[in-house]
Amino acid sequence: MTQPTITQDTARQPNPNITLYDTMQRQKVPFVPGTPGYVGMYLCGPTVYSDAHLGHAKKEVAFDVIRRALTHFGYQVRYVSNITDVGHLLNDADEGEDKLQARARLEQLEPMEVADKYFWSFFRDMDALNVLRPSINPRATGHIQEQIKLIEELIEKGHAYESAGSVYFDVRSWPEYGKLSGRKLDDQEEGTREAVRDEKRDPRDFALWKKAEPEHLMRWDSPWSVGFPGWHIECSAMSLKYLGEGFDIHGGGLDLQFPHHEAEIAQAEAAGHHFARYWMHNNMLTIGGEKMSKSKGNFTTIQDILKKYDPMVVRFLLVSSHYRSVTEMNEEAFASAANGYRRLSETLHEIERRLKDAPAGSDTALDSKIAARVTEFEDAMRDDFNTPKAVASLFGLTGELNTALNAGPVGRDTLERARDAYRSLGGDVLGLFAETGSAASVAQDDASVIDALMDLVLKARQNYRLQKQYAEADELRETLGKAGITVEDTKDGARWKR
Ligand SMILES: Nc1ncnc2c1ncn2[C@@H]1O[C@H](COP(=O)(O)OP(=O)(O)OP(=O)(O)O)[C@@H](O)[C@H]1O
Ligand SMILES: [Zn+2]
């Protein structure tokens, strides 16, 4: 496998003393990238067969913040995240229908139409949540050759074997299998159908290549059969292709530790490659204590939640808990996130408003408070990306600034310092204040324009009613109804919702 090249800039020597929790070492360890100044990160991406849900958002936002923090601390980050568009079978193991093909049948589409439809919907949602696009976003179907080559290397080294046109990884030949999850081989589940078991030397062996059954639509030529790759091999092949030997960080959801990540490691290392140096896993977003998941059907799509909440409130909720903690989703959590986010953004907007005609000069006492909060925030992020602590520093800063703003005019230099702290920490690192012109900021701007227009419409309706022009008032309400907006009259006046 060729090593990707990076043009080295010898001046790039950040040393921010970051520690992170490495799942492999089961402890927090200092983070030292393989090439000073550069970080290569790989994140297991979505299987594109349905709209993304809030659980996916937790993972994407968690690693987006880690990427943004590494960039803030001076690293140049290459962020690779894949799209699984083949090989992920319905029961997550070596048998069953391909998830995309099953969906294609339901929607009467080609499997590749399903992949593209949900690929675009995934990025539309991630744009709204202000998740930066990956530097490289490889798709499994675009890397069949690379996967075949890796399988050939494994066969040559005696760690994989062909059986009835399929190829399996020989788990018994690789004693380290299980080292990430700490599972002993004998504890690992067997649970495969007889026919597949007969093809395997050991029921725990997993598929690298599968011969396609006649009804299987996605199929490619290979030295073994016309078939398709196993689910795990794409990540080993594509991460090594784009990030090279011994790349820095591999991320994904905790639920992928076994078997997916275990298999990724075995495939790469048994073929003689150096795989990821650090393993990071996000915990789950839960609902009623259970993992939100497509197959369980207990999910809320990002599109549905964005009909109710500002995308930045959703993002705020996600960054308010640590990536390694469980995030329980419920109405109260959203309500408190909406309050929290409002507090921060109102102060930022007040600072920006005051900057238009602020007096010259600075307030040194407030300057040092701002500097202390910036240090506190950065220290929290250096400590395994502790976003709840970082958010607490932003609240501390907000309290101090509000006190000063309420007390009277604040000098321009200090206001600029405060604004820069918000924009850099809350904006660039936590991704909460969308950069001007980004998709997330356009969505935010649209939401405020709609709010302003709806205020006007409701005032006009109120005027009609006061003048007893009920037909006109009702017509307004009906027209809004056709546009999906309902108006409710409460004792505090008219309210609207979409
Ligand atoms: N509830 C969740 N919380 C955090 N991460 C999640 C959650 N659900 C899925 N992920 C992560 O998103 C990635 C892709 O997940 P996947 O497409 O398999 O979703 P899923 O809902 O778990 O699907 P399925 O139920 O079909 O397995 C994985 O890394 C997974 O860990
Ligand atoms: Zn993966």
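Keep in mind that this is a model prediction, so the values were computed, not measured. (Residues numbered from 1 in each chain as written. Chains lettered and ligands numbered in written order. Predicted model: local features only at pLDDT ≥ 70, side-chain atom pairs only at ≥ 80, totals over all residues. Heavy atoms only, no water.)

**Student:** In this structure, what is going on with the coordination of the zinc ion (ligand 2)? I would like to understand it.
**Tutor:** Angles at a metal have ideal values that depend on geometry: 109.5 degrees with four tetrahedral donors, 90 or 180 degrees with six octahedral donors. Within the protein, the atoms that donate to the zinc ion (ligand 2) are C44 (SG), C235 (SG), H260 (NE2) and E264 (OE), at distances of 2.1 to 2.3 Å. Coordination at the zinc ion (ligand 2) is irregular: its four donor atoms span angles of 80 to 130° at the metal. The sequence pattern formed by the donor residues of the zinc ion (ligand 2) is C-x190-C-x24-H-x3-E. One end of the pair, C44, is in the loop between strand 3 (38-43) and helix 1 (54-72); the other, C235, is in helix 6 (residues 233-243), and 191 residues separate them in sequence. Looking at C44, the relative accessible area reads 3%, which means it is buried. Judged by relative accessible area, C235 falls into the buried class, the value being 1%. (Donors = N, O, S within 2.8 Å, 3.2 Å for Na, K, Ca; no water. Tetrahedral: all angles 85-135°; square planar, octahedral: opposite > 155°, others 65-115°. Helix = DSSP H or I, 4+ residues; strand = E, 2+ residues; numbered from the N terminus. Buried < 20%, exposed > 50% of the residue type's maximum accessible area, 1.4 Å probe, protein only.)

**Student:** Mind showing me how you'd approach the packing of aromatic side chains here?
**Tutor:** The way to describe two aromatic rings as a pair is by their centre distance and the angle between their planes. Summed over all chains, the structure comprises 17 aromatic pairs. Stacked on the ring of F119, the Lys or Arg R139 has its end atom at 5.1 Å from the ring centre. Directly above the ring of Y161 sits R201, whose terminal nitrogen or CZ lies 4.0 Å from the centroid. (Phe/Tyr/Trp six-rings, centres within 6.5 Å; stacked < 30°, edge-to-face > 60°. Lys NZ or Arg CZ within 6 Å of the ring centre and 35° of its normal.)

**Student:** Looking at this structure, I do not really get the sheet that holds strand 3. What am I missing?
**Tutor:** Backbone hydrogen bonds hold the strands of a sheet together, and the pairing may be parallel or antiparallel. Spatially, four strands are ordered 4-3-9-10 in an open sheet, and the strand pairing comes out parallel. A single partner strand is all that each edge strand has here, and the edge strands are strand 4 (76-81) and strand 10 (278-282). Ignoring which end each strand starts from, the neighbouring axes of this sheet average 20° apart. Running at roughly 160° to strand 3, helix 6 makes contact with strand 3 and strand 4 of the sheet. In the packing of helix 7 (residues 257-270) onto the sheet, contacts are made with strand 9 (249-253) and strand 10, and the angle to strand 9 comes to roughly 155°. (Pairing = 2+ DSSP bridges. Axes fitted to C-alpha atoms, helices over the stretch in contact; angles between N-to-C directions. Contact = heavy atoms within 4.5 Å.)

**Student:** Could you clarify how one ought to interpret the packing of helix 9 (residues 311-319) against helix 10 (residues 331-354) in this entry?
**Tutor:** The description of two packed helices rests on the angle between their axes and on the distance between the axes. Orientation of helix 9 relative to helix 10, taken along the N-to-C sense of each, is 105°, at an axis distance of 8 Å. The angle between helix 9 and helix 10 falls in the class roughly perpendicular. Of helix 10, the residues touching helix 9 (which contributes M312, V313, V314, F316 and L317) are A333, F334, A337, A338, G340, Y341 and L344. Split by residue class, the contact of helix 9 with helix 10 holds 11 nonpolar, one polar and no charged. (Parallel < 35°, antiparallel > 145°, perpendicular 65-115°, else oblique. Nonpolar A, V, L, I, M, F, W, Y, C, P; charged D, E, K, R; others polar.)

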